[in-house]
Amino acid sequence: MADPAPTQPASRTVRGACPHDCPDTCALLVTVDQGVATAVRGDPHHPTTHGALCAKVARYTERTYDPQRLLHPLKRVGAKGSGCFIQVGWEEALDDIASRLRAIADRDPEGVLPYSYAGTMGLVQGEAMAARFFHKLGASRLNRTICSAAGGAGIDAVLGGKVGMDVEQFAHSRLILIWGSNSITSNLHFWTYAQRAKRAGAKLVCIDPWRNETADKCHEHIQLRPGTDAALAYALMHELISHDWLDQNYIDHYTLGFEALRERAQQWTPERAAAVCGVPVEQIRQLAVDYGTLRPAAIRVNYGLQRVRGGGNAVRAIASLPALIGAWRDPAGGLLLSSSSHFAVDSSALERPDLLAGRSPRTINMTTIGNDLQRSTSPAFGPRIEAIIVYNSNPMAVAPDGEAVRKGFAREDLFTVVLEHFQTDTADQADYVLPATTQLEHLDVHKAYGHRYWLANNQAIEPLGEAKPNSQIFRELARRMGFTEACFAETDEQIAAHAIKADPRNGTITFKALREQGWLKLTVPDAPFAQGAFPTPSGKCEFWSEREAAAGRDPLPEVLLPYESEASAPQLAARYPLALISPPARNFLNSTFVNVPSLQASEGEPLMLLHPQDAALRDIADGQLARAFNDRGSYACRVEVSTRTRPGQVVAFGIWWRKLSPGAVNVNALTHQRLTDLGAGPCFYDCLIEVS
Ligand SMILES: Nc1nc2c(c(=O)[nH]1)N[C@H]1C(S)=C(S)[C@@H](COP(=O)(O)OP(=O)(O)OC[C@H]3O[C@@H](n4cnc5c(=O)[nH]c(N)nc54)[C@H](O)[C@@H]3O)O[C@H]1N2
Ligand SMILES: Nc1nc2c(c(=O)[nH]1)N[C@H]1C(S)=C(S)[C@@H](COP(=O)(O)OP(=O)(O)OC[C@H]3O[C@@H](n4cnc5c(=O)[nH]c(N)nc54)[C@H](O)[C@@H]3O)O[C@H]1N2
Ligand SMILES: [Mo]
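This structure is a prediction, so every number in the text was calculated from the model and none was measured.

## Some thoughts on the site of ligand 2
For step 1, the next point in the chain: The environment of ligand 2 is formed by 31 residues, the closest being S393, E420, S591, T592 and Y685.
For step 2, the next point in the chain: Note that a nitrogen atom of ligand 2 is positioned 2.9 Å from one of the side-chain N or O atoms of N470.
For step 3, the next point in the chain: When grouped by side-chain class, the residues that make up the shell around ligand 2 number 12 nonpolar, 15 polar and four charged.
For step 4, the next point in the chain: Of the residues that make up the shell around ligand 2, three or more belong to each of domain 2 (74-147 + 362-501) and domain 4 (570-691).

So this is what it looks like as structure tokens:
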């Protein structure tokens, strides 16, 4: 007689990791009862998670078991974009997709484009099997710029990579500048450390164009104009230099180009910066006194400030500050933008660029997908994009210049495949929608960009319906394409084990140990740059960058005003006088969670803040529905008249699904596709509009 099926224990706890695009990457404990996930909690023992989850991920089971989850492959039957689909079997869907891709690849594989970002930050369900598939095919490559490219390039120029303070050390800082970050919304677990420092007497300063909930809880709020941060940073340098609040010993030993930087900084008096930034000069002077005299001094700079033309150089200027005062000597001093480069990840083993076999396909920038989907074959561009495979991203909602994106995806001759959990705006444009598993239903391994722990995500429950992990979908497509390399047969567990490179920073960490323990910390010194040793070519903090010079750019950080602002585009500003920023809503994660009923209810509806002066000028009352518009598009949304924003500045929260918004457009109807100074990133917060 056969053995009886093993019985499931009544209730068990599975160690997991939050997959979302957030600096906090929390350690999760998932309660599973009879095969059903009943609760997701933060691991109380993981230092940065400390048992707390944000409102969104605390609802993870609600999202997972949502009745709207996609559970079967769907094939389009109605007109493109009509959202009419029929259920089909996996065999039929994958056979058809493979044959369509093969036909395009036979003409030119660059006609196929992957489009993905950080729907999951997992290294297995992100760019592993998918990258292998597209490399082997010779498909166009994607430059994944949509979030952090400008800041990443900026910090790389100065510090040599995405390296910086350990977030846990902020608890011991005496001064914390929270720069371009609404931490309570987007980096909650950092905020815990900032609060601890505050209780111990630290001064907290928020530098942000609108008085967000984080600014409310800081001692000072410097409410500057969007895109003017480099000017503020230079004025601080000006004051540090003229009052000799410098650590000359640190500068002499561990930095490059101080003389040139000093000369540039001397041009930036606090008065000049105050006029550019639109803040009182006294506030800049006081900030300089604080930064020049309080120790340890720490900066939490986040990506909010680099979504403007000069975003890369703004990060360069800010990243130059800590070395001037020797802040890096102390574990609780310095700066943190991202901790990403502290992790040694074996991306070649994951993504297998060797499968390109000498080919070097063109690269498409994901920020300009709106224009690029509409381009024809040309020598400069290469072949027209004939197929797009979207996973871990929702470009119809998140990419700039929404009308261009819509036109691109509406092309009748474009073959679109979307791997998703839900019928998003992008899934509506698909020829095939393939149901993907969520974090509870698959295995993964995670690094973080806001702390220094590796995490494992164990599978907690069986996939719902017919959903499959991204990795499995690409594995099965690879088989149908006739890709026989051994790497296409690897299991998720094998892929995860590759991720953790043999490197002193990873110490003895293995994926096996991670799976058991949930999370393990990197071996990185508390104050890694106390004695220089920056990962730059010179090993120093590079105020002056030879690499920037070689690329034909300013070797020093440069003050570049926005493309669209009163100062830089007065004629445009005469027609569209209001500066628009569109930061994240607290209950959403980009466009994820927008469809979760309880979170949608917390947010209510699309909202924009308008200053009382601007509202009065336009005769708009609080709570009215108004139209925000420019030459690119128009967006209807509820107005909150509020002194939280500056006069001349609108704050519209993102990123709503189009189809859940009035008129089926969202705030990206207003944004444009021009690129940042460094990194070729998007300029979401560099945008002029009018409201009526
Ligand atoms: N709840 C929630 N958490 C999130 C996200 C989310 O959507 N919702 N998004 C996640 C993602 S993708 C990322 S990249 C991270 C980082 O997230 P970010 O997108 O950086 O989000 P915020 O920290 O809100 O930073 C935006 C802040 O920058 C400010 N800002 C805008 N323009 C400027 C400027 O020119 N100068 C300055 N100084 N400030 C400016 C905005 O007013 C806002 O308060 O957070 C992640 N966490
Ligand atoms: N106006 C404006 N636009 C912005 C921003 C802004 O501040 N203002 N922020 C920008 C920033 S910082 C970012 S990072 C981008 C974010 O852009 P995206 O990375 O596209 O992020 P999301 O909108 O969260 O979409 C992720 C999608 O992936 C899906 N997903 C999650 N996990 C999986 C999985 O395992 N498999 C599959 N197949 N799918 C999965 C989710 O269901 C979701 O629909 O948006 C940018 N756009
Ligand atoms: Mo992002």
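## Notes on the sheet that holds strand β17 (residues 432-435)
For step 1, the next point in the chain: In space, the six strands of this open sheet follow the order β5-β4-β17-β16-β15-β6, with mixed pairing throughout. Both edges of this open sheet fall to β5 (85-87) and β6 (112-116), since each of them pairs with a single strand only. Adjacent strand axes in the sheet meet at a mean angle of 20° when their direction is disregarded.
For step 2, the next point in the chain: Sitting on the sheet, helix α2 (residues 90-107) is in contact with β4 (74-76), β6, β15 (387-391), β16 (415-420) and β17, with an inclination near 130° to β17.

## Description of helix α10 (residues 258-265)
Helical geometry note: an α-helix holds 3.6 residues per turn, so side chains three or four residues apart project in the same direction.
For step 1, the next point in the chain: Here α10 has its buried residues at F258, L261, R264 and A265. The buried residues of α10 all sit within an arc of 125° when viewed along its axis, so they share a single face.
For step 2, the next point in the chain: Residues of α10 that are buried make contact with α8 (229-242), α9 (248-254), β11 (255-256) and α13 (311-324).

## What to know about the domain arrangement of the chain
For step 1, the next point in the chain: Segmenting the chain into domains produces domain 1 (11-64), domain 2 (74-147 + 362-501), domain 3 (150-337) and domain 4 (570-691).
For step 2, the next point in the chain: The straight-line distance from the C-alpha centre of domain 3 to that of domain 4 is 27 Å.
For step 3, the next point in the chain: Domain 3 puts 27 residues into the contact, and the matching count from domain 4 is 23 residues.
For step 4, the next point in the chain: Together, W210, R211 and R307 form the three largest contributors to the area buried by domain 3 at its contact with domain 4, with a combined 33%.
For step 5, the next point in the chain: One can count two salt bridges joining domain 3 with domain 4.

## Thoughts on the layout of surface pockets
Empty space among the atoms becomes apparent when a probe as large as a water molecule is rolled across them.
For step 1, the next point in the chain: Of the pockets and cavities examined, the second largest pocket occupies roughly 1,000 Å³.
For step 2, the next point in the chain: Lining the second largest pocket are 30 residues, with Y117, R144, K162, S340 and K447 sitting closest to its centre.
For step 3, the next point in the chain: For the lining of the second largest pocket, the elements supplying multiple residues, two or more each, are β7 (141-143), α4 (149-159) and α14 (347-351).
For step 4, the next point in the chain: Per-element tally for the lining of the second largest pocket: the top contributor is α4, with four residues.
For step 5, the next point in the chain: Looking at the lining of the second largest pocket, its residues break down into 13 nonpolar, 10 polar and seven charged.
For step 6, the next point in the chain: Here the lining of the second largest pocket spans two domains, since at least three of its residues come from each of domain 2 (74-147 + 362-501) and domain 3 (150-337).

## Some words on the site of ligand 1
For step 1, the next point in the chain: Ligand 1 sits among 35 residues. The nearest are S186, D208, D229, R307 and F588.
For step 2, the next point in the chain: D208 places a side-chain nitrogen or oxygen 2.6 Å from an oxygen atom of ligand 1.
For step 3, the next point in the chain: Within the side chain of N212, one N or O atom sits 3.1 Å away from an oxygen atom of ligand 1.
For step 4, the next point in the chain: Burial of ligand 1 by the protein amounts to 99% of the accessible area it has alone, namely 890 Å².
For step 5, the next point in the chain: Looking at the shell around ligand 1 residue by residue, the classes come out as 19 nonpolar, 10 polar and six charged.

## A look at the pairing of β16
For step 1, the next point in the chain: Judged by how many residues are buried, β16 sits mostly within the fold: six of six residues are covered.
For step 2, the next point in the chain: Side chains F415, V417 and L419 of β16 all project onto a buried face; the interleaved residues T416, V418 and E420 project onto the opposite face, where all are buried too.
For step 3, the next point in the chain: Examined bridge by bridge, β15 and β16 share five bridges and lie parallel to one another. Bridged to I389 within β16 is V417.
For step 4, the next point in the chain: Across four bridges, β16 lies against β17 in parallel orientation. Paired with L419 across the strands is L434, a residue of β17.

## Considering the packing of α2 against helix α18 (residues 470-481)
For step 1, the next point in the chain: Running from N to C, α2 and α18 cross one another at 60°; their axes reach a closest spacing of 9 Å. Judged on the interaxial angle alone, α18 and α2 are oblique. In this structure, α2 crosses over α18, and the sense of that crossing is right-handed. Of α18, the residues touching α2 (which contributes W90, E91, L94, D95, I97, A98, L101 and R102) are I473, E476, L477, R480 and M481.
For step 2, the next point in the chain: Each residue belonging to the contact of α2 with α18 can be placed in one class, and the counts come to eight nonpolar, no polar and five charged.

## Brief notes about empty space enclosed by the protein
For step 1, the next point in the chain: With the rule as written, the count across this model stands at two cavities of 30 Å³ or more.
For step 2, the next point in the chain: When its volume is computed, the largest cavity comes out at roughly 40 Å³.
For step 3, the next point in the chain: Surrounding the largest cavity, G164, M165, D166, W328, D330, P331, G333, D526, A527, P528 and F529 form its lining.
For step 4, the next point in the chain: The residue inventory of the lining of the largest cavity, partitioned by class, reads six nonpolar, two polar and three charged.
For step 5, the next point in the chain: Here the second largest cavity is characterised by a volume of approximately 40 Å³.
For step 6, the next point in the chain: K203, V205, E220, I222, Q283, Q286, L287 and D290 are the residues that line the second largest cavity.
For step 7, the next point in the chain: The set of elements that each furnish at least two residues to the lining of the second largest cavity consists of β9 (203-207), β10 (220-222) and α12 (281-293).
For step 8, the next point in the chain: Counting residues per element, the lining of the second largest cavity draws most heavily on α12, at four residues.

## Considering the side chain of R480
For step 1, the next point in the chain: Here R480 shows up in helix α18.
For step 2, the next point in the chain: If we ignore the near neighbours within four places in the chain, the residues touching R480 are E91, L94, D95, A98 and R102.

## Comments concerning the pattern of salt bridges
For step 1, the next point in the chain: Counting across every chain of the model gives 41 salt bridges.
For step 2, the next point in the chain: Across the pair R480 and D95 runs a salt bridge, and its minimum N-O distance is 2.6 Å. Taken as a pair, R480 in helix α18 and D95 in helix α2 lie far apart in primary sequence, 385 residues in all.
For step 3, the next point in the chain: A salt bridge links R352 to D354; the nearest nitrogen and oxygen atoms lie 2.9 Å apart.
For step 4, the next point in the chain: A residue is classified by how much of its surface remains accessible, and D354, at 45% relative accessible area, is partly exposed.
For step 5, the next point in the chain: Within the structure, one salt-bridge network assembled from shared partners comprises R76, K80 and D431.

## Re the packing of aromatic side chains
For step 1, the next point in the chain: Scanning the entire structure with this criterion turns up 19 aromatic pairs.
For step 2, the next point in the chain: Ring geometry for F529 versus F534: centroids 4.5 Å apart, planes at 20°, classification stacked. Comparing F529 with F534, the two get one shared label, buried.
For step 3, the next point in the chain: Ring geometry for Y576 and F629: centres 6.1 Å apart, planes at 85°, overall edge-to-face. In this pair, Y576 is assigned in the loop between α22 (570-575) and β22 (578-581) and F629 in strand β24 (residues 625-629), connecting sequence segments 53 residues apart.
For step 4, the next point in the chain: Joined through ring pairs, the aromatic side chains of F133, F134, Y391, F474, F483 and F488 make up one cluster.

The rules behind the values
Residues numbered from 1 in each chain as written. Chains lettered and ligands numbered in written order. Predicted model: local features only at pLDDT ≥ 70, side-chain atom pairs only at ≥ 80, totals over all residues. Heavy atoms only, no water. Near = heavy atom within 4 Å. Polar contact = N/O pair within 3.5 Å; in protein donor to acceptor, adjacent residues only side chain to side chain. Nonpolar A, V, L, I, M, F, W, Y, C, P; charged D, E, K, R; others polar. Domains from an automatic or database assignment. Pairing = 2+ DSSP bridges. Helix = DSSP H or I, 4+ residues; strand = E, 2+ residues; numbered from the N terminus. Axes fitted to C-alpha atoms, helices over the stretch in contact; angles between N-to-C directions. Contact = heavy atoms within 4.5 Å. Buried < 20%, exposed > 50% of the residue type's maximum accessible area, 1.4 Å probe, protein only. Arc of directions from axis to C-beta. Buried area = accessible area lost by both parts, 1.4 Å probe. Salt bridge = Lys/Arg side-chain N within 4 Å of Asp/Glu carboxyl O. 1 Å grid on protein atoms, 1.4 Å probe; cavity = no way out; pocket = protein on both sides within 12 Å on 5 of 7 lines; lining within 4 Å. Points joined across faces, edges and corners; volume = space filled by probe spheres on them. Areas by Shrake-Rupley, 256 points an atom, 1.4 Å probe, with all protein chains shown as cover. Parallel < 35°, antiparallel > 145°, perpendicular 65-115°, else oblique. Left-handed = near helix turned anticlockwise from the far one by under 90°. Phe/Tyr/Trp six-rings, centres within 6.5 Å; stacked < 30°, edge-to-face > 60°.

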